[in-house]
Structure formats: C-alpha cells, structure tokens
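Structural features, examined
Listed here are the chains, written in short residue letters.
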Amino acid sequence: MKTNDNIDKQLDAFLDSVLKAEPKCNLSSEFAENVKSKVYNTFVWKHYLKEFFISYAVGIVVLILAFAILSFTNAAYLENIIAYIITYKRIFIIALTVSMVLLFYNHILLNFMLYYYKNKLSKE
Amino acid sequence: MNDATLITQILKGNQHAFTRLVEKHQKLVFHMIVRMIKQEEDVEDVCQEVFIKVFKNLKHFRGDAKLSTWIAKIAYNVGLNHLRKHDKALLVMSDDFLAYNQVAIDRLPDKILENDELKSLIFKEINDLPILYRTVATLYYLEELSYSEIAEITAIKQTTLRSYISRTRAILKQKLIFVLKDEN
C-alpha cells in the first residue's frame, strides 16, 4: 500500500517544519560578552607576558651580539667598556632596572590598567 | 564588518571585534552542539570551549574555507571530544535504528502543521538518531549548508552524506506515519 501523493507532500512539509525548527532552549543573552571576558582574562595576559619576555630577550641578544662583534674588531675598546661598566656598576644596575620596569609598565601594567578601567566603565 | 576585517581586528587585539565574531557565529555553534550533546546544562560550556579554540587558532586560519565552515569544523570536533569524555555510548552507531517497516497512511488529521504534540514527538525521534545523522541533518536543514560544506566540516564523503540525509528523512517519515496511524 502506497501513501498517496497529496498526503506524502503534507508529511514532507511537516517534516521540513520540524527539521528546520529552532531548538527550544537558547544561549544566555550575555554569552558573547562572557566568552570575550574569559578569553581575554586568560590568553591575553599570557600574550602580554610573552611579548614582555621576547622584548627583553631581544635586547639581551642585541647587547651580546654587539659585545661579540667588538671582541673581534676592537678588543681593547671592549675591555675599556667593561672596565667602565665595572667602575659605574651601580648606575648601570639602576639603568637596567629602570628599563625593565618601563618595559614591564608598557607591556603589562598599562594594558592591565586599560583593560581594568574599560571593564569598570562598561559595567557602570 | 566582514569576516576578514573581523579577523584582522581580533589579531590586533580588538576585543569588540571578537565579541562581534562570537555574536555572528554563536547560533551555528549552538545548533550543532545542542543536537550533538544531550545534557542541556553542558551546552553553554561546550559552546564557550568552541570559541576559546577559535580564538586560540585564529592566527592559523588561512581563509581557504569560509570562516563559518572553519568554526563549524571546530564545533564538530569539540562536540565529539566532549562525547568521548562524557558519553561514549552516544558515539556507537548501531544499525538497529535503520530497521523499520514500510507502512502507508490514507488519511491525515486536520491542521497537521500546527500539531505541536506531534512536533515534539518527532523532535524526540530526531534526538534519538545516531549522532552523525543528527549533526548532518542539523547542518543541512537548519543551517542550510551545502553538501560540500558539510563534507568539509564532518570529513564524510558527499555520497555518504546524501544517503544519511535520505535515510534520516525516510526513518522520520515512517515514524511519523506510525504515530499518525496509531492516532487514527
């Protein structure tokens, strides 16, 4: 026994309406905001820290390269520089620390403050 | 903002662009996940996991496929992984559900399209289909994706997909006729 064509069409239309119907439940209205917060709270900080360490590592590599080139081309001049650094080691240590703090401020603290106040403002 | 601009903005650190991307594709991800996993309370968390993966891998998106297809592929894999961890039984595909008797019907109740009880019954039948059939049916009917897009998302051949779709339809139709015959 075969279902007649008219009934068949109605059954197809019914099935289409069910298969194309939206699910009854839904995502929360703040879903996109929640995902964004979660993503930026975890991964962005990792990214900032990575950037900070990369910048610092690049600085150290450049210094080592400069010293290496000098040791081949003008060893006496390099010895003078080292002696100068040793004499004024305090000033160099302070300069190094200040540069590290500035780099940290630029890559981490500034981003953190911007992120914090932006979130605070958007919540208010 | 189109997809390419959104991606560039997100990679530059624009948080608003990421929110826009989520808003744009959350419906697709939700439709897939809600049909794949049965625990409603887990759906939102799994959808969130999908977008975290999207964010982490966005720099690797080469633009070979549409962004929506790429996101759907991630959603499909995250959904399968969730089932592997929490509900392995759902991944086993038995052919039992394919066995059905061909029955015919000579009369339909009035206003069948408005029969919500019947719709709920067929919804339940859809949820009882094997996961691959459910997912493919969702992508084809609800998201109206092409066979080639579904093939890319699920890594299933287009010929197999066509048979999944026609079998799904045939099974649901027979179940519907059974229910209607009972009612008559």
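Rules behind the numbers
The residue numbering used here restarts from 1 in each chain and proceeds along that chain's sequence as written. Here every chain gets a letter starting at A, and every ligand a number starting at 1, in the order they are written. Predicted model: local features are reported for residues with pLDDT of at least 70 only, side-chain atom pairs are reported and counted for 80 or more only, and whole-chain, interface and lining totals are derived from all residues. Where side-chain values are given, they derive from all heavy atoms of the structure, hydrogens and water being excluded. Counting from the N terminus, the helices are DSSP H or I runs at least four residues long and the strands are E runs at least two residues long. Radius of gyration here uses only the C-alpha atoms, and the compact-globule reference equals 2.2 Å multiplied by the residue count raised to the power 0.38. By the convention used here, residues are in contact when the closest approach between their heavy atoms is within 4.5 Å. The charge count treats Lys and Arg as positive and Asp and Glu as negative. His and the chain ends do not count. Throughout, a charge is located at the NZ atom of Lys, the CZ atom of Arg, the CG atom of Asp or the CD atom of Glu. Inter-axis angles, ranging from 0 to 180 degrees, are taken between N-to-C directions of lines fitted to C-alpha atoms, where helices are fitted over the stretch in contact. Angle categories: roughly parallel below 35 degrees, roughly antiparallel above 145, roughly perpendicular from 65 to 115, and oblique for all the rest. A crossing counts as left-handed when the near helix is turned anticlockwise from the far one by less than a right angle, and as right-handed when that turn is clockwise. Each residue is assigned to one class: nonpolar for Ala, Val, Leu, Ile, Met, Phe, Trp, Tyr, Cys and Pro, charged for Asp, Glu, Lys and Arg, and polar for all the others, Gly among them. Centres within 6.5 Å make a pair out of two Phe, Tyr or Trp rings, where for Trp the six-membered ring is used; the pair is then stacked when the planes are under 30 degrees apart, edge-to-face when over 60, and tilted otherwise. Only protein chains enter the accessibility calculation, which uses a 1.4 Å probe. A residue is then buried if its area is under 20% of the maximum for its type, exposed if over 50%, and partly exposed in between. Two parts placed together each lose some accessible area; with a 1.4 Å probe, that loss summed over both constitutes the buried area. Within this document, salt bridges are pairs made up of a side-chain nitrogen of Lys or Arg and a carboxyl oxygen of Asp or Glu, the two lying within 4 Å of each other. Between N or O atoms, a polar contact is any pair within 3.5 Å; within protein, one atom must be a potential hydrogen donor and the other a potential acceptor, and residues adjacent in sequence are included only when both atoms are from side chains. Working definition: the arc comes from the directions between the helix axis and the C-beta atoms, pointing outward to the latter.

Attention now moves to the overall build of chain A. When helices and strands are tallied, chain A shows four helices and zero strands. Ordered by position from N to C terminus, the α and β elements of chain A give α-α-α-α. Whereas a compact globule of 124 residues would reach a radius of gyration of roughly 14 Å, chain A reaches 32 Å, over 25% beyond that. With respect to the three principal axes, the spread of C-alpha positions in chain A is 105 × 45 × 15 Å. Intrachain contacts of chain A at a sequence separation of at least 6 include 65% that bridge at least 24 residues. Charge centroids of chain A, computed over 13 positive and 10 negative side chains, lie 13 Å from each other.

Let's shift gears to the packing of helix H1 (residues 3-11) of chain B against helix H2 (residues 15-36) of chain B. Residues and elements named next belong to chain B. Close contact between H1 and H2 brings their axes to 8 Å; oriented N to C, the two are set at 140 degrees. Our classification of the angle between H1 and H2 gives oblique. Crossing hand, H1 versus H2: left-handed. Residues Asp3, Leu6, Gln9 and Ile10 of H1 touch H2, and the partners they reach there are Ala17, Phe18, Arg20, Leu21, Lys24 and His25. Considered class by class, the residues forming the contact of H1 with H2 number five nonpolar, two polar and three charged.

A few words now on the packing of aromatic side chains. Two aromatic rings, taken as a pair, are described by how far apart their centres are and by the angle between their planes. According to the stated counting rule, one finds 13 aromatic pairs over all chains in the structure shown. Residues Tyr40 of chain A and Phe18 of chain B carry aromatic rings whose centres are separated by 6.1 Å and whose planes lie at 70 degrees to one another, so their mutual orientation is edge-to-face. You can see Tyr40 of chain A sitting in helix H2 (residues 31-73) and its partner Phe18 of chain B sitting in helix H2, one on each of two chains. Residue Tyr40 of chain A shares its accessibility class with Phe18 of chain B, and that shared class is buried. An aromatic cluster is present here, built from Phe52, Phe53, Tyr56 and Phe104 of chain A joined pairwise through their rings.

A few words on the interface of chain B and chain A. Taken together, the 47 residues of chain B in the interface contact 37 residues of chain A. Interface of chain B and chain A: buried area, both sides summed, is about 4000 Å²; carbon and sulfur atoms make up 71% of it. Along the contact surface separating chain B from chain A lie five salt bridges. With a closest N to O distance of 3.6 Å, Lys27 of chain B and Glu22 of chain A form a salt bridge. Counting across the chain B and chain A interface gives eight residue pairs in polar contact (both at pLDDT 80 or more). Counting only elements with at least two residues in the side of chain B that touches chain A, the list comes to H2, helix H3 (40-57), helix H5 (116-127), helix H6 (131-142) and helix H8 (158-183) of chain B. With 11 residues, the top contributor of residues to the side of chain B that touches chain A is H2 of chain B.

Residues and elements named next belong to chain B. For H1, the full list of buried residues reads Leu6, Ile7 and Ile10. The buried residues of H1 occupy an angular sector of 95 degrees when the element is viewed end-on, so they sit on one face. Of the residues one or two after H1, Gly13 is the one with positive phi, at around 100 degrees.

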